There are 2 protein chains.
Amino acid sequence: MDVFIEPIGRLINQFSKLPGVGKKTAQRYAYKIINMSEAEAKEFAESVINCKRRVKYCKVCGNFTEEEVCDVCQRRSSSVICVVEEPKDIIAIEKLHEYKGVYHVLHGALNPAGGVSFRDLRINELVSRIDGSVQEVIIATNSDVEGNATAAYLANVLKPLGVKVTRPAQGMSVGGELEYTDEVTLSRALSERKSI
Amino acid sequence: MDVFIEPIGRLINQFSKLPGVGKKTAQRYAYKIINMSEAEAKEFAESVINCKRRVKYCKVCGNFTEEEVCDVCQRRSSSVICVVEEPKDIIAIEKLHEYKGVYHVLHGALNPAGGVSFRDLRINELVSRIDGSVQEVIIATNSDVEGNATAAYLANVLKPLGVKVTRPAQGMSVGGELEYTDEVTLSRALSERKSI
């Protein structure tokens, strides 16, 4: 890296820490910073610090928040809890403007090979939220191996508590073409066909 | 953007200013910052400010430097000047460890349609560097329309000053397959064939 002068090399190293960013991309980002005005660069840097300082995890659901307890947990009925792997999954669901319940973020999915056991997920915190007022837990983990394993594990833990446990439907994408639907999904969609 | 809390939304906006970064990518970057330690986030932010504050343009050649005059201009003979569009082009050439001359960064290429005229490039600064000690100017602008137009313009300006003006060779990539060489390049490579 001796072709770069020190402050540029250092910034490139920092940008390289972002997910999916290699040296070439980090270099382009660094040049962009150099070509910004001093005020713009300052604003950029300050929003990094500001975000890191102000964003915490909600004590109840584990979502990002600036308070002890997030806005969603404060405002909504907790009769339905939607369990997701990551805060970004909440964003995806909130964008629909359809779901009116609360959330629970596990911060990961079971992956014994990758060193993620049930102890690493916020499962005890979920169990402690289940009381008489909770009618349903929707387990909206990903539809991959880890997400499905996590869903199966949670169902085993939650059902004995007398709460209804559901999982989002799997099948063809709405508007999706049969020809381009992957085999596993198509097989599932056919075996779980519905009367119309 | 009301699905993101303010500090996250603000950071996503900042990351979106980087070249080629859309909302989804900016969101992933923001999550990475949130998952950093406070010290790491601070280091990240400081290297942005530090880079912007310390990096200037060399008074002579226009390359990035922390001094008034860059290291290359200070150390090397200016008998050969290699003209490039951007500082990143210097990095590419320096990585070869072959070129021993100095550089001149135009900070762009002629593009009348895009509003870049000869007045926007560091051409006067280049002309003022041409004295008896300069034997050759290599015009290493890109091999695209703008780069070629710039090279032609510079050749017209520089040749009357009695300096040798050259341009890097064009042709097939070394190790390149004929079948996959683009038509224009292949045509050029054939018409400029050399005796072996």
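In this text, all values refer to a predicted model and were calculated from it rather than measured experimentally.

Although it is not a glycine, His-107 of chain A adopts a positive phi angle of roughly 60 degrees. Tracing the sequence through the fold places His-107 of chain A in the loop between strand S4 (102-105) and helix H6 (123-127).

Interfaces are often sized by the amount of accessible area the parts lose when they come together. Each partner contributes to the interface: chain B provides 49 residues, whereas chain A provides 49 residues. Overall, the association of chain B and chain A removes approximately 5,100 Å² of surface from exposure, summing both partners, and the carbon and sulfur fraction of that is 68%. With a closest N to O distance of 2.9 Å, Glu-38 of chain B and Arg-53 of chain A form a salt bridge. Where chain B packs against chain A, one counts 13 residue pairs in polar contact (both at pLDDT 80 or more). Of all the elements in the fold, those that place two or more residues in the side of chain B that touches chain A are helix H1 (6-15), helix H2 (23-35), helix H3 (38-54), strand S2 (64-65) and helix H5 (87-94) of chain B. Of the residues belonging to the side of chain B that touches chain A, the class tally is 26 nonpolar, 7 polar and 16 charged.

Attention now moves to the confidence of the model for chain A. Low pLDDT means the predicted atomic positions in that stretch should not be read closely. Confidence along chain A averages 92 in pLDDT terms, with 99% of residues attaining 70 or more. Our summary of model confidence lists the complex with pTM equal to 0.76 and ipTM equal to 0.77.

On to the sheet that holds strand S3 (residues 80-84) of chain B, then. Residues and elements named next belong to chain B. Spatial ordering of the open sheet is given by S4-S3-S5-S6, a layout of 4 strands whose pairing is parallel. What marks the edges here is a single partner per strand, and that holds for strand S4 (102-105) and strand S6 (164-166). Taken over all neighbouring pairs, the strand axes of this sheet differ in orientation by 25 degrees on average, direction set aside. Here 4 bridges tie S3 to strand S5 (residues 136-139), and the two strands are oriented parallel to one another. Paired with Ile-81 across the two strands is Val-137, which belongs to S5. Its contacts with the sheet place H5 against S3 and S4, and it is angled at close to 155 degrees to S4. Across the sheet, helix H7 (residues 145-158) is in contact with S3, S5 and S6; its angle to S5 comes to roughly 165 degrees.

Before going further, it helps to spend a moment on H3 of chain B. Its 17 residues place the ends of H3 of chain B 24 Å apart at the C-alpha level, agreeing with the 24 Å of an ideal helix rising 1.5 Å per residue. Among the residues making up H3 of chain B, those that are buried are Ala-41, Phe-44, Ala-45, Ser-47, Val-48, Ile-49, Asn-50, Cys-51 and Lys-52 of chain B. On its buried face, H3 of chain B sits against helix H1 (6-15), helix H2 (23-35) and helix H3 (38-54) of chain A together with H1 and H2 of chain B.

Below, the discussion takes up the domain arrangement of chain A. For chain A, the assigned domains read domain 1 (6-54) and domain 2 (70-195). The gap between the C-alpha centroids of domain 1 of chain A and domain 2 of chain A is 35 Å.

Here we take up a positive patch on the surface. A grouping of Lys-24 and Arg-28 of chain A together with Lys-88 and Lys-95 of chain B is seen on the molecular surface, where their side chains present a positively charged patch. Mapped onto the secondary structure, Arg-28 of chain A falls in helix H2.

Another aspect to go through is the packing of aromatic side chains. Considering all chains together, one arrives at 15 aromatic pairs over all chains under this definition. A centroid spacing of 5.5 Å and a plane angle of 20 degrees characterise the contact between Phe-118 of chain B and Tyr-153 of chain B, whose relative ring orientation is stacked. Residue Phe-118 of chain B is found in the loop between S4 and helix H6 (123-127), and its partner Tyr-153 of chain B is found in helix H7; the two are separated by 35 residues along the sequence. Looking at Tyr-153 of chain B, the relative accessible area reads 26%, which means it is partly exposed. Among the aromatic residues, ring-to-ring pairing joins Phe-15, Tyr-29 and Phe-44 of chain A together with Phe-15, Tyr-29 and Phe-44 of chain B into one connected group. Geometry around Phe-118 of chain A places Arg-119 of chain A over its ring, the cationic atom sitting 5.0 Å from the centre.

Cut-offs and rules
Residues numbered from 1 in each chain as written. Chains lettered and ligands numbered in written order. Predicted model: local features only at pLDDT ≥ 70, side-chain atom pairs only at ≥ 80, totals over all residues. Heavy atoms only, no water. Helix = DSSP H or I, 4+ residues; strand = E, 2+ residues; numbered from the N terminus. Contact = heavy atoms within 4.5 Å. Buried area = accessible area lost by both parts, 1.4 Å probe. Salt bridge = Lys/Arg side-chain N within 4 Å of Asp/Glu carboxyl O. Polar contact = N/O pair within 3.5 Å; in protein donor to acceptor, adjacent residues only side chain to side chain. Nonpolar A, V, L, I, M, F, W, Y, C, P; charged D, E, K, R; others polar. pLDDT = per-residue confidence, 0-100. Pairing = 2+ DSSP bridges. Axes fitted to C-alpha atoms, helices over the stretch in contact; angles between N-to-C directions. Expected span 1.5 Å × (residues − 1). Buried < 20%, exposed > 50% of the residue type's maximum accessible area, 1.4 Å probe, protein only. Domains from an automatic or database assignment. Patch = residues over 30% accessible without salt bridge, like charges linked within 9 Å, V, L, I, M, F, W, Y side chains within 5 Å. Areas by Shrake-Rupley, 256 points an atom, 1.4 Å probe, with all protein chains shown as cover. Lys, Arg positive; Asp, Glu negative; His and termini not counted. Charge placed at Lys NZ, Arg CZ, Asp CG, Glu CD. Phe/Tyr/Trp six-rings, centres within 6.5 Å; stacked < 30°, edge-to-face > 60°. Lys NZ or Arg CZ within 6 Å of the ring centre and 35° of its normal.

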